[in-house]
Amino acid sequence: LEKKRLGEQFKAFLSQSDAGDIVGARGTVKRTDKGELSVAATEVTMLTKALRPLPDKWSGLADVNKRYRQRYLDLIVNPHVRKTFEQRARIT
């Protein structure tokens, strides 16, 4: 999100959003200086708030049983698990 592009809406959005919230963005697709695809947002909308905070970035999901019971959380927090999931989805 660019502060210049969104103006006052940017400040309001940052004050209301937390890690784990699901947001919608409207704008144009562009490539960053590093070559990654990104959305140059002209409008952002809060789709749903996270009811509970995500696990700590460093400790993560250490409990194996919790990883299996809350698979959605494991996919959000662990990039390696998400990559494996995406690759398996392409195969089937």
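This text follows the structure it describes.
All of the points below concern the structure found in this document. These numbers come from a predicted model, not from an experiment.

Overview of a nonpolar patch on the surface
Where nonpolar side chains cluster on the molecular surface, the patch consists of V29, L37 and V39 and spans about 300 Å² of accessible area. Within the secondary structure layout, L37 lies in strand β2 (residues 37-48). The class of L37 is exposed, set by a relative accessible area of 60%.

Re the pattern of salt bridges
Overall, the coordinates contain three salt bridges when judged by the stated rule. Residues K49 and D18 are paired through a salt bridge, measuring 3.1 Å at the closest nitrogen-oxygen approach. You can see K49 sitting in the loop between β2 and α3 (64-69) and its partner D18 sitting in the loop between α2 (8-16) and β1 (22-31), a full 31 residues away along the chain. Take D18: its relative accessible area is 51%, and that puts it in the exposed class. Residue D74 pairs with R71 through a salt bridge whose shortest N-O separation is 3.0 Å. One end of the pair, D74, and the other, R71, are both in helix α4 (residues 71-77), three residues apart, so they sit about a helical turn from each other. One network of salt bridges, with partners in common, ties together D18, D21 and K49.

Things to note about the pairing of β2
Looking at chain direction, β1 and β2 are connected through ten bridges and run antiparallel. The partner of G24 across the bridge, within β2, is T45. The turn linking β1 back onto β2 is made up of five residues, and G35 within it adopts a positive phi angle of 90°.

A look at the side chain of D21
You can see D21 is positioned in the loop between α2 and β1. Residue classification places D21 among the buried positions, given a relative accessible area of 14%. Polar side-chain contacts of D21 include one of 2.6 Å to the backbone nitrogen of D18. Here the side chain of D21 touches K49 through a polar contact of 3.0 Å, side chain to side chain. Ignoring anything within four residues of it in the chain, the contact list for D21 reads Q16, M46, T48, K49 and A50.

Quick word on helix α5 (residues 79-91)
If you check α5, its first and last C-alpha atoms are 19 Å apart, about what 13 residues at 1.5 Å a residue would give, namely 18 Å. Where α5 begins, one side-chain oxygen reaches toward the backbone nitrogen of H80, 3.2 Å away; that side chain belongs to N78.

Let's talk about the layout of surface pockets
Put simply, the largest pocket is a space of about 390 Å³. Residues that form the lining of the largest pocket fall into these classes: ten nonpolar, three polar and three charged.

The rules behind these values
Residues numbered from 1 in each chain as written. Predicted model: local features only at pLDDT ≥ 70, side-chain atom pairs only at ≥ 80, totals over all residues. Heavy atoms only, no water. Patch = residues over 30% accessible without salt bridge, like charges linked within 9 Å, V, L, I, M, F, W, Y side chains within 5 Å. Areas by Shrake-Rupley, 256 points an atom, 1.4 Å probe, with all protein chains shown as cover. Salt bridge = Lys/Arg side-chain N within 4 Å of Asp/Glu carboxyl O. Helix = DSSP H or I, 4+ residues; strand = E, 2+ residues; numbered from the N terminus. Buried < 20%, exposed > 50% of the residue type's maximum accessible area, 1.4 Å probe, protein only. Pairing = 2+ DSSP bridges. Polar contact = N/O pair within 3.5 Å; in protein donor to acceptor, adjacent residues only side chain to side chain. Contact = heavy atoms within 4.5 Å. Expected span 1.5 Å × (residues − 1). 1 Å grid on protein atoms, 1.4 Å probe; cavity = no way out; pocket = protein on both sides within 12 Å on 5 of 7 lines; lining within 4 Å. Points joined across faces, edges and corners; volume = space filled by probe spheres on them. Nonpolar A, V, L, I, M, F, W, Y, C, P; charged D, E, K, R; others polar.

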